[in-house]
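What follows is each chain in one-letter form.
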Amino acid sequence: MTNDVRTLEWTGDGLRLLDQTVLPGRVEYVVARDVGTLVDAIRRLVVRGAPALGVAGAFGVAVAVLQAAREGWDDAARDAAIAEVREARPTAVNLAAGVDRVLPFVAKGADAVAAEAQALLDEDVRGNRAIGAFGADWILRRVGDRPLRVLTHCNAGALATAGWGTALGVVRNLHERGRVEMVYADETRPLLQGARLTAWELDRAGIPCVVQADGAAPSTILRGLVDVAVIGADRIAANGDTANKIGSVGVALACREAGIPLVVAAPWSTVDPALPDGTGIPIEERPADEVLAWGGARTAPEGVDAFNPAFDVTPARLVTALVTETGVLEVSAGTTPARFRA
Ligand code: MRU
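Residues numbered from 1 in each chain as written. Predicted model: local features only at pLDDT ≥ 70, side-chain atom pairs only at ≥ 80, totals over all residues. Heavy atoms only, no water.

## Here we look at the sheet that holds strand E15 (residues 321-324)
Put simply, the rule is: Paired strands, in this sense, are two strands between which DSSP finds at least two bridges. Numbering of helices and strands runs from the N terminus; a helix is a DSSP stretch of H or I covering at least four residues, while a strand is a stretch of E covering at least two. Axis angles are defined between N-to-C directions and span 0 to 180 degrees, where every axis is a line fitted to C-alpha atoms and, for a helix, only to the segment in contact. Every residue pair with non-hydrogen atoms within 4.5 Å of one another is taken to be in contact.
Judged by pairing direction, the sheet is mixed, and its 7 strands sit side by side in the order E6-E5-E4-E7-E10-E15-E16 without closing on themselves. The strands lining the two open edges of the sheet, one partner per strand, are strand E6 (209-212) and strand E16 (327-329). Sheet twist, expressed as the average angle between the axes of neighbouring strands with direction ignored, equals 25°. Pairing analysis gives 5 bridges linking strand E4 (residues 148-152) to strand E5 (residues 180-186), with the strands arranged parallel. Note on E5: the bridge partner recorded for Leu148 is Val180. Along the sheet, helix H5 (residues 110-143) makes contact with E4, strand E7 (228-231), strand E10 (262-265), E15 and E16, crossing E15 at roughly 150°. Together, E4, E5 and E6 form the strand contacts of helix H7 (residues 193-204), whose direction differs from that of E5 by roughly 160°.

Shown next as structure tokens:
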């Protein structure tokens, strides 16, 4: 994030989270000193975005270890609490990976767990800087070294990570080089991560942006108003199939039709090598009210139910490039994560 606002911070006895549910109207924090508070914060999207969830999961283990000592839990109760954190949301593989990374430190105590979680946080910020530079280099080579019109979907910024951002890390890097003409930020129904969070971040960074309805995105692309689309990811299968916020597939199809690149920016921790393709990615279905009501008032007729998948899976053939902290994989041309690592 910028210097004054941090997405996540370890306080020594808990995890302080910037409450993303009340942005941009209010800057408030939730401090999780027990597992119940943290799991609730993850489910309500107080903290969200795959890399941020990974860091929250890692610190969540420290929270569980401290709570277990405080409340006299046995190891089984502590491990059940850790499992609850790990499973609080299903799609972003980073959450489980963040928990798993620090498990070997549990026997050494909460400070050791928190130190490893802090290492993950620091790596994430460094990785995002690298993603930003690799992505910007690739885009300027591929699309042209001039001010560009960039479309993004959801929020893959500093708020969705430990800092700087993945997709918005690329945008920030392009902006530092004077190569951003305009960012089209899809509003991202139903929880408005684009309108509330991406626009907030871009505005604070002085990057020109407009918010558009999700339904406008394919048309904006087909009208020739966009040079490149850059999105984040929640889980990427070995073949490059990419889960990201619902609506990403429409953006990808329009990019293919218009002949512009779709760039996915994500750290290697978002790649799930255990999944050969995207059919095995668990897609979170969220509460019906998020779609059927607005501001507490029902918008759809009583008695009508909702279908509310939070993510979709873009087939690898539509992913022009995957930008990681180690470089760029041209996925639709055949450089899948599995091939690259093989
Ligand atoms: O439901 P959310 O807000 O957690 O969804 C987040 C996204 O889909 C992001 O694009 C993704 O996690 C990448 S964040 C760098």
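## Comments concerning the site of the ligand
Rule in force here: Whether a residue is near a molecule or strand depends on its heavy atoms: if one lies within 4 Å, it is near. Definition of a polar contact: a pair of N or O atoms within 3.5 Å, with one able to donate and the other able to accept a hydrogen when the atoms are protein atoms, and with sequence-neighbouring residues admitted only if both atoms are side-chain atoms. Surface accessibility in these figures is a Shrake-Rupley result with a 1.4 Å probe; residues are shielded only by whichever protein chains are displayed.
Taken together, 19 residues surround the ligand, and among them Arg48, Arg89, Asp234, Asn244 and Lys245 come closest. Between the ligand and Gln193 there is a distance of 2.9 Å, counted from an oxygen atom to a side-chain nitrogen or oxygen. Between an oxygen atom of the ligand and a side-chain N or O atom of Asn244, the distance comes to 2.6 Å. Starting from 410 Å² of accessible surface for the ligand in isolation, the protein chains cover 99%.

## What about the state of the cysteines?
Which entries qualify depends on this criterion: By convention in this document, the label disulfide applies to cysteine sulfur atom pairs within 2.5 Å. For the exposure calls, accessible area comes from a 1.4 Å probe over protein chains only, and a residue counts as buried if that area is under 20% of its type's maximum, exposed if over 50%, partly exposed in between.
Scanning the model with the defined rule gives 0 disulfides in all. Of all cysteine sulfurs in the structure, the one in Cys154 sits closest to Cys209, which takes part in no disulfide; the separation is 15 Å. Judged by its relative accessible area of 24%, Cys209 is partly exposed. The cysteine Cys255 is free of any disulfide, with Cys154 supplying the nearest cysteine sulfur at 16 Å.

## Observations concerning the domain arrangement of the protein
Inclusion rule: Where a domain begins and ends is set by an automatic assignment or by a domain database. As used here, buried area is the combined drop in accessible area, with a 1.4 Å probe, of two parts when they are placed together.
As assigned here, the protein comprises domain 1 (8-123) and domain 2 (132-341). Spacing between the C-alpha centres of domain 1 and domain 2 amounts to 25 Å. For the domain 1 and domain 2 pair, buried surface summed over both sides reaches about 1900 Å², with 56% attributable to carbon and sulfur atoms. When the buried surface of domain 1 facing domain 2 is broken down by residue, Arg48, Thr91 and Val93 rank first, second and third, together holding 30% of it.

## Remarks on the sheet that holds strand E2 (residues 15-18)
Reading across from one edge, E1-E2-E3 is the order of the 3 strands in this open sheet, with antiparallel pairing throughout. Two strands close off the open sheet at either side, each with one partner strand: strand E1 (8-10) and strand E3 (29-32). Adjacent strand axes in the sheet meet at a mean angle of 20°, parallel and antiparallel pairs treated alike. Sheet topology places E2 next to E3; 4 bridges connect them, and they run antiparallel. Considered in E3, the bridge of Leu18 is made with Tyr29. Across the sheet, helix H2 (residues 50-71) is in contact with E1, E2 and E3; its angle to E1 comes to roughly 30°.

## Re the pairing of E5
Quick note on the threshold: If you view a crossover with the strands going away from you and the path from the first strand over the helix to the second runs clockwise, you call it right-handed.
Most of E5 is tucked away: 5 of the 7 residues are buried. As for the winding sense of the linkage, the β-α-β connection from E4 through helix H6 (residues 167-176) to E5 is right-handed. Sheet topology note: the E5/E6 ladder contains 4 bridges and is parallel. Directly across from Ala185, in E6, lies its bridge partner Val211. Taking the sense of rotation as the criterion, the β-α-β connection linking E5, H7 and E6 turns out right-handed.

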